[in-house]
Amino acid sequence: MIPSIVKEYKKMKSKDVEIILPSHDSTEEAAKDYIKSIRAKFPTMMDADENARKLPGYTPVSGIPQAVIVDKNGNVIKQGHGSIVLEWKTLCP
């Protein structure tokens, strides 16, 4: 799933849409290392981080990989299994 997310992210970036991958890694450093290892450019955050809870519409992660699609104002458009990234064109006019 991750290679598909990385591919779609490149298309999303020019459309004022962002994805965030909440992480279940044991540390923030481990999460950043993973994102770096897959050569992804999208942001990640620890699911338990207080910043995650500040995203309007965000709910705790229920599966892996989890993705959050947000608009240019930081509002959550949709959150769920990473496969939702493949639907971004229908979710983001």
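Located above this text is the structure these notes cover.
Here goes a summary of the coordinates provided.

Rules and cut-offs
- Residues numbered from 1 in each chain as written.
- Predicted model: local features only at pLDDT ≥ 70, side-chain atom pairs only at ≥ 80, totals over all residues.
- Heavy atoms only, no water.
- Pairing = 2+ DSSP bridges.
- Helix = DSSP H or I, 4+ residues; strand = E, 2+ residues; numbered from the N terminus.
- Axes fitted to C-alpha atoms, helices over the stretch in contact; angles between N-to-C directions.
- Contact = heavy atoms within 4.5 Å.
- Polar contact = N/O pair within 3.5 Å; in protein donor to acceptor, adjacent residues only side chain to side chain.
- Salt bridge = Lys/Arg side-chain N within 4 Å of Asp/Glu carboxyl O.
- Buried < 20%, exposed > 50% of the residue type's maximum accessible area, 1.4 Å probe, protein only.

1. Some words on the sheet that holds strand S1 (residues 17–23)
Okay, so step 1: Taken in spatial order, the four strands of this open sheet run S2-S1-S3-S4, and their pairing is mixed. At either end of the open sheet lies a strand with only one pairing partner, and these are strand S2 (44–46) and strand S4 (76–81). Strand-to-strand twist across the sheet, computed as the mean angle between neighbouring axes with direction ignored, equals 25 degrees.
Okay, so step 2: Summarising the sheet, strand S3 (residues 66–71) and S4 pair through five bridges and their orientation is antiparallel. The residue bridging Val 68 from the neighbouring strand is Gln 79, located in S4.
Okay, so step 3: The sheet strands contacting helix H1 (residues 2–12) are S1 and S3, and the helix crosses S1 at an angle near 150 degrees.
Okay, so step 4: With respect to the sheet, helix H2 (residues 28–37) is in contact with S1 and S2, its orientation differing from that of S2 by roughly 160 degrees.

2. Description of the environment of Val 76
Okay, so step 1: Structurally, Val 76 is set in strand S4.
Okay, so step 2: For the pair formed by Val 76 and Met 1, sequence separation is 75 residues and the distance between their alpha carbons is 21 Å.

3. Observations regarding the environment of Ser 37
Okay, so step 1: Tracing the chain through its elements places Ser 37 in helix H2.
Okay, so step 2: At a separation of 2.7 Å, a polar atom in the side chain of Ser 37 contacts the main-chain carbonyl oxygen of Tyr 34.

4. Topic: the pattern of salt bridges
Okay, so step 1: Counting across every chain of the model gives two salt bridges.
Okay, so step 2: Measuring nitrogen to oxygen at the nearest pair gives 3.3 Å for the salt bridge that ties Lys 78 to Glu 87.
Okay, so step 3: By relative accessible area, Lys 78 is classed as partly exposed at 30%.

By themselves these figures say nothing about function.
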